[in-house]
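Here are the chains, one letter per residue:
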Amino acid sequence: MISLPFADVTYYEPWWVQIIKAIVIFAVGLQLVPVVLVVERKLLGRFQHRYGPNRVGPFGALQPLADIVKLATKEQFRPRTSIGWLFAIAPVISILTAVAALSLVPFGGVVDIFGTDVGLYGVDVSIGPLYLFAFGAVAFYGIMLGGWSSGSKYSFLGSMRAAAQLISYEVSQGLALVGVVMTAGTLSMSGIVEAQEGMWYVIPQFVGFIIFLTASFAETNRPPFDLVEADAELVGGYNTEYGGGRFASYFFAEYLNVVVVSGIVVTVFFGGWLLPFGIDTPGWLQPFVVLFKMTFFIVFFIWIRATLPRLRYDQLMSFGWKVLLPLATLNALVTAIVVVATD
Amino acid sequence: MLRTYLPAIVFVGLGTLVGAIFTMMNSWFGPKRKRTPTTFKQDPYECGLPSEVQQGFRFGISFYLIAMLFILFDIEVVFLYPVAVQLRAFGTFALIETIVFIALLVVAFVYVWRRGALEWR
């Protein structure tokens, strides 16, 4: 009987350091969401040859603050067809899974802060990407229950679509990372980053990167895969009946997911906190390197939204099952052969 | 080992807290109306032909099919992960095992495809 360790993650800080760093990373992630929101609206405006928000604060930078005040002062309301407690907890599920997934993004290695060794990540678990997929699978309940318990046909259709879309692309997303795991030989996220010393995985795993990015667009319900909330046909999809704070909760979760996915792509394919050309990254710079790289992908998400039209639902499904899944399987197989052959 | 998960629990707790605040904040800051709202206000959103849709909708068989296929292929992914981690350590043996495993699933995939389960109807 051979024991199969997924990764050697035996290092952990004292409990109070773990709690403090979790709160700090959470606070940073929380602050990123309004920034992403206003950047998206500004950029979308520019893409469409208009200004975007420019009234509230300098350059419209305080727009999210105005939005949250408006959403907070709405009336608490639910339609008579809804199932009360499910209707209330569904947005909470959505947001808590997004926040939990944020803990997986490593913003740096283990650095020395005032004499205490601190890993600049939420968790560095031995199951790595599986943790992400686990919470991704729970996130599906947030959308599904929200749409189903609203008791509106638009919400219901939106949530059914969401269910089918999320599970279809989750398979390809998972398979795309198998190639990376084979190459790195570990499931620990910081282990994967350290294995990219010398060459970022975007080069040897380019197909995996494309598949992962495409599947991530579908997983976060971003255009061109936003069939879940296709405004033209479903008027808003699963959150048609939501308003005020609960709507804000869904909205927040969606943008936090964009941030998390950007972080995961940076970690897995773009060398996390590593700088190119073998330059050693000092500890204090590491989080900024990660955030800088993440910015590119967040802007890329917005750019794609402004550029590509929405797919039709049958196209979406056949693309996921007939193109991405065989491609991801092939990628995993070829990677396995190459890894064993070159070892 | 399990101690490495402590921040994850903190994250889940904070996420629940923020979600609860978002969910409840309309009760605290929103307008409070004494009168019970009219039935028109309480109706779910409607557009086009009015329909009396209540709980317990029916939905297409395709969704069930996709869900079943998902279980098959997601388990494939989950089983591939341990092999992927230890691929170097076991070398050719693990490679052949992986190929056989994927080949079996490809047979299932081709069958599913040929039977038209992947066509969206």
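Relevant structure appears above.
In this text the structure is predicted, and so the values were computed from the model without any measurement. (Residues numbered from 1 in each chain as written. Chains lettered and ligands numbered in written order. Predicted model: local features only at pLDDT ≥ 70, side-chain atom pairs only at ≥ 80, totals over all residues. Heavy atoms only, no water.)

*Asks:* Would you take a moment to explain the pairing of strand β2 (residues 116-121) of chain A for this structure?
*Replies:* Remark: a regular strand shows side chains that alternate across the two faces of the sheet. Residues and elements named next belong to chain A. Across five bridges, strand β1 (residues 106-113) lies against β2 in antiparallel orientation. By the bridge assignment, Val110 is partnered in β2 with Gly119. Hairpin connection, β1 to β2: the antiparallel pair is bridged by two residues, and Phe114 has positive phi, about 50°. (Pairing = 2+ DSSP bridges. Helix = DSSP H or I, 4+ residues; strand = E, 2+ residues; numbered from the N terminus.)

*Asks:* How do you make sense of the pattern of salt bridges when you look at a structure like this?
*Replies:* Working definition: two side chains of opposite charge can pair if their charged atoms are close together. Residues and elements named next belong to chain A. Tallied over the entire structure, the rule returns five salt bridges over all chains. A salt bridge links Asp67 to Arg41; the shortest N-O distance between them is 3.1 Å. Taken together, the residues span a long stretch of sequence, with Asp67 in helix α2 (residues 63-72) and Arg41 in helix α1 (residues 15-47) at a distance of 26 residues. The exposure class assigned to Asp67 is partly exposed, which follows from its relative accessible area of 26%. Taking relative accessible area as the criterion, Arg41 reaches 34% and is therefore assigned partly exposed. Each of Glu40, Arg222, Glu254 and Arg305 takes part in one network of salt bridges that share partners. (Salt bridge = Lys/Arg side-chain N within 4 Å of Asp/Glu carboxyl O. Buried < 20%, exposed > 50% of the residue type's maximum accessible area, 1.4 Å probe, protein only.)

*Asks:* Would you explain the interface of chain B and chain A in this entry?
*Replies:* Accessible area lost on assembly of the parts is the figure often given for the size of an interface. Counting from both sides, the interface comprises 70 residues of chain B and, opposite them, 97 residues of chain A. Summed over both partners, the interface of chain B with chain A buries about 7,500 Å², with 72% contributed by carbon and sulfur atoms. Taken together, the connections running from chain B to chain A amount to zero salt bridges. Inspection of the chain B/chain A interface yields eight residue pairs in polar contact (both at pLDDT 80 or more). Of the residues in the side of chain B that touches chain A, the class split is 44 nonpolar, 16 polar and ten charged. (Contact = heavy atoms within 4.5 Å. Buried area = accessible area lost by both parts, 1.4 Å probe. Polar contact = N/O pair within 3.5 Å; in protein donor to acceptor, adjacent residues only side chain to side chain. Nonpolar A, V, L, I, M, F, W, Y, C, P; charged D, E, K, R; others polar.)

*Asks:* How do you make sense of helix α10 (residues 286-307) of chain A when you look at a structure like this?
*Replies:* Side chains of residues three or four places apart in an α-helix project in the same direction, reflecting 3.6 residues per turn. Residue and element names in this part refer to chain A. Compared with the 32 Å implied by 1.5 Å per residue over 22 residues, the 32 Å span of α10 between its first and last C-alpha is a close match. The complete set of buried residues in α10 reads Gln286, Val289, Val290, Lys293, Met294, Phe297, Ile298, Phe301, Ile302 and Ile304. Contacts made by the buried residues of α10 are with α1, β1, β2, α7 (206-219) and α9 (244-269). (Expected span 1.5 Å × (residues − 1).)

*Asks:* Whenever I open this one, unusual backbone geometry confuses me. Can you help?
*Replies:* Most peptide bonds adopt trans geometry, and most residues besides glycine take a negative phi value. In this model, Phe59 of chain A sits at a positive phi of 55°, which is unusual for a non-glycine residue. Looking at where Phe59 of chain A falls in the secondary structure, it is placed in the loop between α1 and α2.

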